[in-house]
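# Analysis of the macromolecular model
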Amino acid sequence: MRTLLSAEQLDSGIARLAEAVRADVGRRPLTVVGVLTGSIVVVADLIRRLDGPICVGMVWASSYRGSATRPGELDLRLDLLPDIAGQEVLLVDDIFDSGRTLKALVTELQRRGAARVQSLVLLRKLGRAEVTLEPEYVGFDIPDEFVVGYGLDFNGGFRHLPYLAALDPDDIEAIRGAAPDVASNR
């Protein structure tokens with residue numbers, strides 16, 4: 001495992017993202033909708049830096065199961081979503097990989113009557129997009145590697161790391177062999 005982004009770089013990136021959001025939104029009310037479970041650290045750090053009226057909601061989306069390192073079928077659960085009709089919404093996700101999750105969620109938030117939906121991702125994986133939609137705010141572009149830390153997991157572990165790390169294929173195989181699969185909620 002090797003570090004891609006330090007805790008300091010992540011902190012600086014979140015500060016930059018918060019400034020960009022507030023420059024765009026101003027002091028208008030904003031509903032921040034985080035995508036569980038991977039975005040919990042990003043959402044927590046981001047909302048502490050956003051001044052002005054903020055409402056927070058969460059949705060659950062997963063396309064990674066257990067020890068998978070490539071996305072599979074997308075599963076969405078929106079029962080934790082607050083009423084967003086007429087609201088300005090910032091959808092926050094940990095990583096933009098294929099883009100299928102972000103596209104599905106933006107479409108659903110628009111269908112539920114949001115006045116405007118913008119998206120923010122901490123990470124954008126280069127060369128993996130399968131959709132034309134692009135997030136409005138991107139913290140960092142990263143290579144096509146499987147990453148953990150700062151809320152992102154592999155097989156349920158590593159979310160607690162204060163930095164972002166890439167797992168090498170040998171790391172992945174060692175982890176797969178050492179622990180039973182648990183459902184990942186990336």
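Heads up: these notes are all about the structure in this document.

Rules and cut-offs
- Residues numbered from 1 in each chain as written.
- Predicted model: local features only at pLDDT ≥ 70, side-chain atom pairs only at ≥ 80, totals over all residues.
- Heavy atoms only, no water.
- Salt bridge = Lys/Arg side-chain N within 4 Å of Asp/Glu carboxyl O.
- Helix = DSSP H or I, 4+ residues; strand = E, 2+ residues; numbered from the N terminus.
- Buried < 20%, exposed > 50% of the residue type's maximum accessible area, 1.4 Å probe, protein only.
- Pairing = 2+ DSSP bridges.
- Axes fitted to C-alpha atoms, helices over the stretch in contact; angles between N-to-C directions.
- Contact = heavy atoms within 4.5 Å.

Let us now look at the pattern of salt bridges. Taken as a whole and judged by the stated rule, the model has 17 salt bridges. One salt bridge connects E88 with R116, and the closest N-O pair in it is separated by 2.5 Å. Taken together, the residues span a long stretch of sequence, with E88 in strand β5 (residues 88-96) and R116 in strand β6 (residues 116-125) at a distance of 28 residues. Overall, the relative accessible area of 28% leaves R116 in the partly exposed class. E130 is the partner of R100 in a salt bridge, and the nearest nitrogen-oxygen pair spans 3.7 Å. Taken as a pair, R100 in helix α3 (residues 100-111) and E130 in the loop between β6 and β7 (137-142) lie far apart in primary sequence, 30 residues in all.

What follows concerns the sheet that holds strand β4 (residues 75-77). Read across the open sheet, the 6 strands follow the order β4-β3-β2-β5-β6-β7; overall the sheet is mixed. The open sheet is flanked by β4 and β7, the only strands paired with a single partner. Along the sheet, successive strands turn relative to each other by an average axial angle of 25 degrees, direction set aside. As judged from the 8 bridges shared by β5 and β6, these two strands associate in the parallel manner. What sits directly across from D93, in β6, is V121. Packed on one face of the sheet, helix α1 (residues 7-25) meets β2 (30-36), β3 (54-62), β5, β6 and β7 and runs near 150 degrees to β7.

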